[in-house]
Amino acid sequence: MKTGDKINQLRHVRFLKNMKNTNLHMKKHRDIILPKFQLVDSILSYKLSDIEQVQWNHPLGGYFILVRLAPHTAQIIYRNCLQKGILFTSPKSLFPYGNDSNDKYIRIAPT
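Residues numbered from 1 in each chain as written. Predicted model: local features only at pLDDT ≥ 70, side-chain atom pairs only at ≥ 80, totals over all residues. Heavy atoms only, no water.

(A) The overall build of the chain, seen in detail. A tally of helices and strands in the chain yields three helices and three strands. Going residue by residue from the N terminus, the α and β elements of the chain occur as α-α-β-β-α-β. Relative to a compact globule of 111 residues, whose C-alpha radius of gyration would be 13 Å, the chain shows 18 Å and is clearly more extended. Taken along its principal axes, the extent of the C-alpha atoms in the chain is 50 × 35 × 25 Å. In the chain, once contacts between residues fewer than 6 apart in sequence are set aside, the share between residues at least 24 apart is 50%. On the chain, roughly 8700 Å² of surface is accessible, and the fraction owed to carbon and sulfur atoms is 58%. (Helix = DSSP H or I, 4+ residues; strand = E, 2+ residues; numbered from the N terminus. Rg over C-alpha atoms; globule rule 2.2 N^0.38 Å. Contact = heavy atoms within 4.5 Å. Areas by Shrake-Rupley, 256 points an atom, 1.4 Å probe, with all protein chains shown as cover.)

(B) Structural detail: the confidence of the model for the chain. The pLDDT averaged across the chain works out to 91; a share of 97% of its residues lies at or above 70. The spread of mean pLDDT over the elements of the chain runs between helix α1 (residues 3-16), the lowest at 89, and strand β1 (residues 55-56), the highest at 96. (pLDDT = per-residue confidence, 0-100.)

(C) Quick look at helix α3 (residues 74-83). Looking only at α3, the buried set comprises Ala74, Gln75, Tyr78 and Cys81. One face of α3 carries all of its buried residues, which in axial projection span an arc of 125 degrees. Just beyond α3, the residue with positive phi is Gly85, at close to 85 degrees. (Buried < 20%, exposed > 50% of the residue type's maximum accessible area, 1.4 Å probe, protein only. Arc of directions from axis to C-beta.)

(D) Broad picture of the sheet that holds strand β2 (residues 65-68). Spatially, β1-β2-β3 is the arrangement adopted by the three strands of the open sheet, whose pairing is antiparallel. Every other strand in the sheet has two partners, leaving β1 and β3 (105-108) as the edge strands with one partner each. Examined bridge by bridge, β1 and β2 share two bridges and lie antiparallel to one another. Within the sheet, the bridge partner assigned to Gln55 lies in β2 and is Arg68. (Pairing = 2+ DSSP bridges.)

(E) Expanded view of the nonpolar core. Formed by 15 residues in total, the largest nonpolar core has its most connected members in Leu44, Trp56, Ile65, Val67, Leu69, Ile106 and Ile108. If you list the elements that add at least two residues to this core, you get α2 (19-48), β2, α3 and β3. In terms of residue count, α2 provides more of this core than any other element does, four residues in total. Aside from chain neighbours lying at most four places away, what touches Ile108 is Val40, Tyr63, Phe64, Ile65 and Val67. (Core = buried A, V, L, I, M, F, W, Y, C linked by side-chain atoms within 4.5 Å.)

(F) Seen up close, the packing of aromatic side chains. Within this structure, the stated rule accounts for two aromatic pairs. Look at Tyr78 and Phe88: their rings are 5.6 Å apart centre to centre, the planes differ by 65 degrees, and that puts the pair in the edge-to-face class. With Tyr78 in helix α3 and Phe88 in the loop between α3 and β3, the pair connects residues that are 10 residues apart, well separated along the chain. Judged on exposure class, the residue Tyr78 and its partner Phe88 are both buried. A ring pair is formed by Phe95 and Tyr105, whose centres lie 6.0 Å apart and whose planes are at 50 degrees; its orientation type is tilted. With Phe95 in the loop between α3 and β3 and Tyr105 in strand β3, the pair connects residues that are 10 residues apart, well separated along the chain. The exposure class of Phe95 is partly exposed, given its relative accessible area of 26%. Directly above the aromatic system of Phe64 lies the positively charged group of Arg107, at a separation of 4.0 Å from the ring centroid. (Phe/Tyr/Trp six-rings, centres within 6.5 Å; stacked < 30°, edge-to-face > 60°. Lys NZ or Arg CZ within 6 Å of the ring centre and 35° of its normal.)

Here you go:
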């Protein structure tokens, strides 16, 4: 572990102090992030729920919603979204060396 990592850990310990404060702090994060996840889920449900080849997860934690699309469509959808100002991680970034032979996954970070 690098020295900078230990210093950062010490900052966290001093800031959070104990488990009670850690839980309170994480609840604040949840209060900010949960509505964003709910909004993305409601938009996906409204626009895409009747398309059989499109599915997405409903995460209980973390920062991403994984959307599974029809094969060989992720890059096309990604480029179309970029043109409309919708930004998310490149579909290829989900796989080692950017190798998604099926080209069917997009990861959305509602945060």
